[in-house]
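Chain by chain, the residues run as shown.
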Amino acid sequence: MDDLLRLDDRLDGDQRLIRDTVRSFVADRVLPHVGDWFEEGTFPARELAPELGSLGLLGMHLEGHGCAGTDATSYGVACRELEAGDSGLRSFVSVQGSLAMFPIWRYGSEEQKSEWLPRMARGEAIGCFGLTEPDHGSDPASMRTYAKRDGADWVLNGSKMWITNGSIADVAVVWAQTDDGIRGFIVPTDTPGFSAPEIRKKLSLRASVTSSLYFDDVRLPSSAVLPGVRGLKGPLSCLSEARFGIIWGAVGAARACVESAVEYAQTRVQFGKPIGAFQLTQEKLAWMYVGLAQAGLTALHLGALKDAGALEPRQISFGKMANVRAALDIAREARSILGGNGITLEYPVIRHMNNLESVLTYEGTQEIHTLVLGEALTGLSAYR
Ligand SMILES: Cc1cc2nc3c(=O)[nH]c(=O)nc-3n(C[C@H](O)[C@H](O)[C@H](O)COP(=O)(O)OP(=O)(O)OC[C@H]3O[C@@H](n4cnc5c(N)ncnc54)[C@H](O)[C@@H]3O)c2cc1C
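In short, a report on the structure. Since this is a predicted model, take the numbers as computed values, not measurements.

## A word on the pattern of salt bridges
Working definition: two side chains of opposite charge can pair if their charged atoms are close together.
Consideration 1: Here the structure, examined in full by the defined rule, presents 26 salt bridges.
Consideration 2: Residue aspartate 8 pairs with arginine 80 through a salt bridge whose shortest N-O separation is 2.9 Å. With aspartate 8 in the segment before α1 (13-30) and arginine 80 in helix α4 (residues 72-85), this pair connects stretches of sequence that are 72 residues apart. Comparing aspartate 8 with arginine 80 shows no difference in burial state: the two are buried.
Consideration 3: One network of salt bridges, in which partners are shared, links Asp8, Arg19, Asp20, Arg23, Arg80, Glu81, Arg255 and Glu259.

## Structural notes on the nonpolar core
Consideration 1: Counting residues in each nonpolar core, the largest one holds 97 residues, and the members touching the most others are Leu52, Phe92 and Trp175.
Consideration 2: It is helix α7 (residues 233-267) that contributes the most residues to this core, 16 residues altogether.
Consideration 3: Among residues more than four places away in sequence, those in contact with phenylalanine 92 are Phe43, Ala45, Ala49, Leu52, Leu58, Ile126, Asn165 and Ile168.
Consideration 4: Cys128, Leu156, Val174 and Phe185 belong to the second-largest nonpolar core, a separate cluster that totals 19 residues.

## So, the environment of lysine 233
Consideration 1: Examined against the element boundaries, lysine 233 turns out to sit in helix α7.
Consideration 2: Using a relative accessible area of 57% as the deciding quantity, one classes lysine 233 as exposed.
Consideration 3: Spatially, the C-alpha atom of lysine 233 lies 23 Å from that of valine 155, the residues being 78 residues apart in sequence.
Consideration 4: Within the structure, lysine 233 has its side chain in polar contact with the backbone oxygen of arginine 230 (distance 3.4 Å).

## Focus on the site of the ligand
Consideration 1: Around the ligand, a shell composed of 18 residues is seen, among which Thr132, Ser138, Trp162, Thr365 and Glu367 lie nearest.
Consideration 2: At 2.7 Å from a nitrogen atom of the ligand is found a side-chain nitrogen or oxygen belonging to threonine 132.
Consideration 3: Note that a nitrogen atom of the ligand is positioned 2.9 Å from one of the side-chain N or O atoms of threonine 164.
Consideration 4: In the complex, the protein chains occlude 68% of the 970 Å² of accessible area that the ligand would expose alone.
Consideration 5: Listing elements by their share of the shell around the ligand, those giving two or more residues are β5 (153-164), α10 (349-361) and α11 (366-378).
Consideration 6: Among the residues making up the shell around the ligand, the classes are represented as nine nonpolar, seven polar and two charged.

Definitions and limits used
Residues numbered from 1 in each chain as written. Predicted model: local features only at pLDDT ≥ 70, side-chain atom pairs only at ≥ 80, totals over all residues. Heavy atoms only, no water. Salt bridge = Lys/Arg side-chain N within 4 Å of Asp/Glu carboxyl O. Helix = DSSP H or I, 4+ residues; strand = E, 2+ residues; numbered from the N terminus. Buried < 20%, exposed > 50% of the residue type's maximum accessible area, 1.4 Å probe, protein only. Core = buried A, V, L, I, M, F, W, Y, C linked by side-chain atoms within 4.5 Å. Contact = heavy atoms within 4.5 Å. Polar contact = N/O pair within 3.5 Å; in protein donor to acceptor, adjacent residues only side chain to side chain. Near = heavy atom within 4 Å. Areas by Shrake-Rupley, 256 points an atom, 1.4 Å probe, with all protein chains shown as cover. Nonpolar A, V, L, I, M, F, W, Y, C, P; charged D, E, K, R; others polar.

By themselves, these figures tell us nothing about what the structure is for.
Structure follows, in structure tokens:
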């Protein structure tokens, strides 16, 4: 599809190379199979992780320890192209790089970094991020999972819910209350007392593994705690990294829906002409494209701010809220253009549409980001 506003002209040579590399990886390795993965409720993480690692996509915006060390816009472009394949694929890469590797990279000891980051960057070790609990989602500060000191050790008890990659992970970064506030712990998933059953019956993000985590007297050495951070700012800083990827990823999912709808509208004939020749269809397509291009501009601008070291959490909330809403609206409109075919996995649209329902909720719900913007505009907090 034509890039009408020439937005990708803003990308430099390296960023375009990353775009083209990830786009062809998705075309070859993901698009031929992802409808089946979605239908079967599977994601071949062990197979794909080393390939994603060899492309430098795992922890790609981190420096050192085997990570590619790209700029933020490159990371965004990669997320856009991955999510044009499927939000589950982008979620895997976001969780690995931004939610599991980032806290180790940013707050970990040298030993923790050298133990985990090179293997995670190569895709040999898979990570997950445990913040949400069954009774504490939007309000993680109220979490109940507790790590108590026992001599030199820590003993972890509690549970987490909705954890991407949970049952396939080698390592979980778990956030828990302690006598000293919220701390982050590196928990190898073979530690006795740890279990991670998969959550089934999902109708969204089906090509992604989602699990509960249970900690039953999980004994950890003193070296398991992330030394560099205390309090909720630890997990929130990781979420800021991952949300930045979602801002771009949503553009990819939306683009896939627009492309599918345009192609369908050009070839599906009713009343003797292509449905794309009807003005009602053209109006839908025109507004879908406006939404897509505006979301793309937002992503580019926030990428430039992040590369300048100037991106603020409330700007990330703006982007997550605006771009995921735009992508979901575009997916729903595309679904209607495809008529009955819009509800099958023969086309990517309903898969993206269902996935985006999760993207709207995770990493801060639409409502919570609305409250962040409301507070930014009024100076008044409306969370409680
Ligand atoms: C597929 C999937 C993967 C996920 N992966 C992870 C992961 O890897 N790690 C992880 O830690 N978590 C993960 N999550 C959890 C996700 O971040 C939470 O679902 C999300 O934060 C919302 O929490 P909740 O589901 O408990 O909803 P709740 O917090 O119970 O919210 C329910 C509704 O109430 C609204 N609401 C809540 N508080 C307010 C308020 N103050 N004002 C107005 N409205 C409010 C919400 O916006 C929402 O509409 C995942 C979720 C999904 C669906």
